[in-house]
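Summary of the model geometry
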Amino acid sequence: MSKVKAITGAEAAAEAMRQINPDVCAAFPITPQTPVMQKFADFHADGLVDSELIRVESEHSAMSCCVGASAAGARVMTATSFAGLALMWEIVGVAAGLRLPIVMEIVNRALSAPINIHCDHSDSMGTRDLGWIQVYSENAQEAYENTLLAIRLAEKVLLPVMVCQDGFITSHGVENVKIFDDNKVKKFVGEHKYPYGLLNIKKPVTHGPLQLQDYYFETKSQQMPAMEEAKKRYIQVGNELSKITGNKYPYFEEYKLKDAKVAIVVLSSTAGTTKAVIDKMREKGRKVGLLKPRLFRPFMYKEIGNALKNIDSIAVLDRSESFGANAPLYGEIKNALYDVKYKGKLHSCIFGLGGRNIYESEIEGVFNELLTNKLKEKEYIGLRKCP
Amino acid sequence: MKKLKSAKEIPIGGLIDEAGSSRKFKTGDWRSFRPIIDEKKCINCIQCVVYCPENCIKVKEDGKRGKIDLDYCKGCGICANICPVKCIKMEEEAKFVK
């Protein structure tokens with residue numbers, strides 16, 4: 001039986017972890033990830049999971065611990081945010097390089113400095129080239145379901161996965177979340193059968209040896225086809241999960257995009273706000289739409305390019321900057337549109353750094369400026385104007 | 001030269017899926033100088049065997065010095081330096097490369 005619970009995004013992620021029941025979970029508390037592991041620790045204390053819960057002294061150790069356990073053949077999960085992700089950066093790359101299927105909940109928080117506890121995507125965007133699959137969640141429900149999908153996807157392609165949700169906005173906001181039947185979910189998740197486990201003494205293996213000019217390049221080149229494989233498997237695993245949840249798991253969500261004249265592209269919780277704005281503007285006959293990427297790594301250039309090519313004017317909203325370069329999401333969309341020889345207008349809007357709120361009125365403003373051709377090529381939403 | 005494998009021929013993630021494979025890693029190809037022994041001058045004192053940091057000079061069953069294992073000799077020249085009769089010369093490796 002599935003149950004609807006009034007819980008936060010963090011608790012929703014922990015509910016998925018409870019159902020997955022990983023063999024090993026190593027984590028260190030950091031705002032706003034803390035309630036994920038706090039809730040999971042409750043489940044652990046209550047005997048609802050039999051995971052080895054390892055309380056380490058830093059995130060560098062947390063990810064190191066996960067790497068060791070995963071190489072041993074265990075099903076491994078962790079969670080972090082912000083400086084935690086920055087501190088474990090070295091081992092985040094190791095996890096992907098060693099092809100270990102670790103799933104990590106990321107509760108997005110703005111990187112220092114200035115120090116700030118609220119949401120933007122600078123932490124996970126900083127790790128976008130480290131070889132992890134990245135899935136972004138709009139709300140608590142998606143954070144829960146994406147986590148279930150992630151563990152299967154990771155173990156199928158032997159790549160680690162980050163499941164991202166917006167710090168505080170999603171992680172601490174209470175919503176109705178449908179938690180699906182334990183037995184059905186457990187059956188879907190299945191058993192982790194890792195072919196190269198260190199604990200299998202019948203088949204001895206060495207993980208992480210030195211590779212110099214002779215083999216490093218070949219080994220790294222294997223990660224690209226693995227990401228291609230992940231695209232196929234994402235759909236396959238998503239279809240299986242659909243049978244339990246009734247929800248769809250496309251690479252990206254198109255909201256009233258088919259007949260739209262102008263569109264916004266945005267990740268995570270702001271996509272929800274944008275949908276509300278679209279509904280209101282559609283009532284007035286404005287042809288506005290949304291494209292919300294769910295999968296950011298691998299990035300679906302061809303599919304997204306085709307979905308956007310007939311839109312007259314597009315604004316890509318980024319909740320992080322890439323200083324001296326195109327913002328992360330904007331840059332990818334621009335790449336995708338080059339391939340389809342896009343003739344319309346593309347704009348980059350930076351918003352919400354350090355958790356600054358974005359309001360419906362501001363999103364409506366972006367749509368109106370797109371419709372009247374007034375939006376600048378690069379714009380900051382919600383930033384105080386210089387006098 | 002050993003034949004190097006392509007990305008599709010090696011296990012994922014750089015892992016090694018067999019035990020004892022380090023024997024296949026011939027570290028001698030770093031060498032830029034090669035020890036050449038003058039067999040006539042050698043007095044079989046075995047000092048070179050004792051001092052070789054890579055343990056790549058063996059002692060034969062009759063107690064005399066054996067050949068230098070060039071698969072692992074890195075050409076450090078300690079043997080040539082310690083030899084009391086100076087019967088080991090270090091020659092440039094380039095001379096031997098065909």
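Described in the following lines is the structure provided in the data block. Small disclaimer: the values here were computed from a predicted structure and weren't measured. (Residues numbered from 1 in each chain as written. Chains lettered and ligands numbered in written order. Predicted model: local features only at pLDDT ≥ 70, side-chain atom pairs only at ≥ 80, totals over all residues.)

So, on to the pairing of strand E15 (residues 378-381) of chain A. Residues and elements named next belong to chain A. Pairing of strand E14 (residues 345-351) with E15, which is carried by four bridges, proceeds in the parallel orientation. Among the inter-strand pairings, Ser348 is bridged to a residue of E15, identified as Lys378. For the handedness criterion, the β-α-β arrangement of E14, helix H14 (residues 360-371) and E15 is classed as left-handed. (Pairing = 2+ DSSP bridges. Helix = DSSP H or I, 4+ residues; strand = E, 2+ residues; numbered from the N terminus. Right-handed = clockwise from strand over helix to strand, strands pointing away.)

When a protein is soluble and globular, its nonpolar side chains tend to lie buried together. Of all hydrophobic cores here, the largest spans 121 residues; its most connected members are Cys66, Ala95, Leu153, Val161, Ala263 and Val265 of chain A. When residues of this core are assigned to their parent elements, the largest contribution, 10 residues, is made by helix H7 (residues 140-157) of chain A. Looking at this core, you find at least three residues from each of domain 1 (3-193 + 209-245) and domain 2 (252-381) of chain A. If we ignore the near neighbours within four places in the chain, the residues touching Leu153 of chain A are Ile133, Val161, Ala230, Arg233, Tyr234 and Val237 of chain A. With eight residues, the next largest nonpolar core counts Cys52, Ile68, Cys79 and Cys83 of chain B among its residues. (Core = buried A, V, L, I, M, F, W, Y, C linked by C-beta atoms within 7 Å. Buried ≥ 20, exposed ≤ 12 C-beta atoms within 10 Å, placed from the backbone. Domains from an automatic or database assignment. Contact = placed C-beta atoms within 7 Å.)

All names here are of chain A. The end-to-end C-alpha separation of helix H3 (residues 59-72) is 20 Å, in line with the 20 Å expected for 14 residues at 1.5 Å each. Those residues of H3 that sit buried are Glu59, Ala62, Met63, Cys65, Cys66, Val67, Ala69, Ser70 and Ala71. Residues of H3 that are buried sit in contact with strand E2 (24-27), strand E3 (52-55), strand E4 (76-80), helix H4 (82-87) and helix H5 (89-97). Just downstream of H3 lies Gly73, where phi reads positive at about 115°. (Expected span 1.5 Å × (residues − 1).)

Another aspect to go through is the interface of chain A and chain B. Taken residue by residue, the interface counts 18 residues in chain A and 11 residues in chain B. The element that contributes the greatest number of residues to the side of chain A that touches chain B is helix H9 (residues 216-221) of chain A, accounting for three residues. Of the residues contributing to the side of chain A that touches chain B, the split by class is seven nonpolar, eight polar and three charged. (Nonpolar A, V, L, I, M, F, W, Y, C, P; charged D, E, K, R; others polar.)

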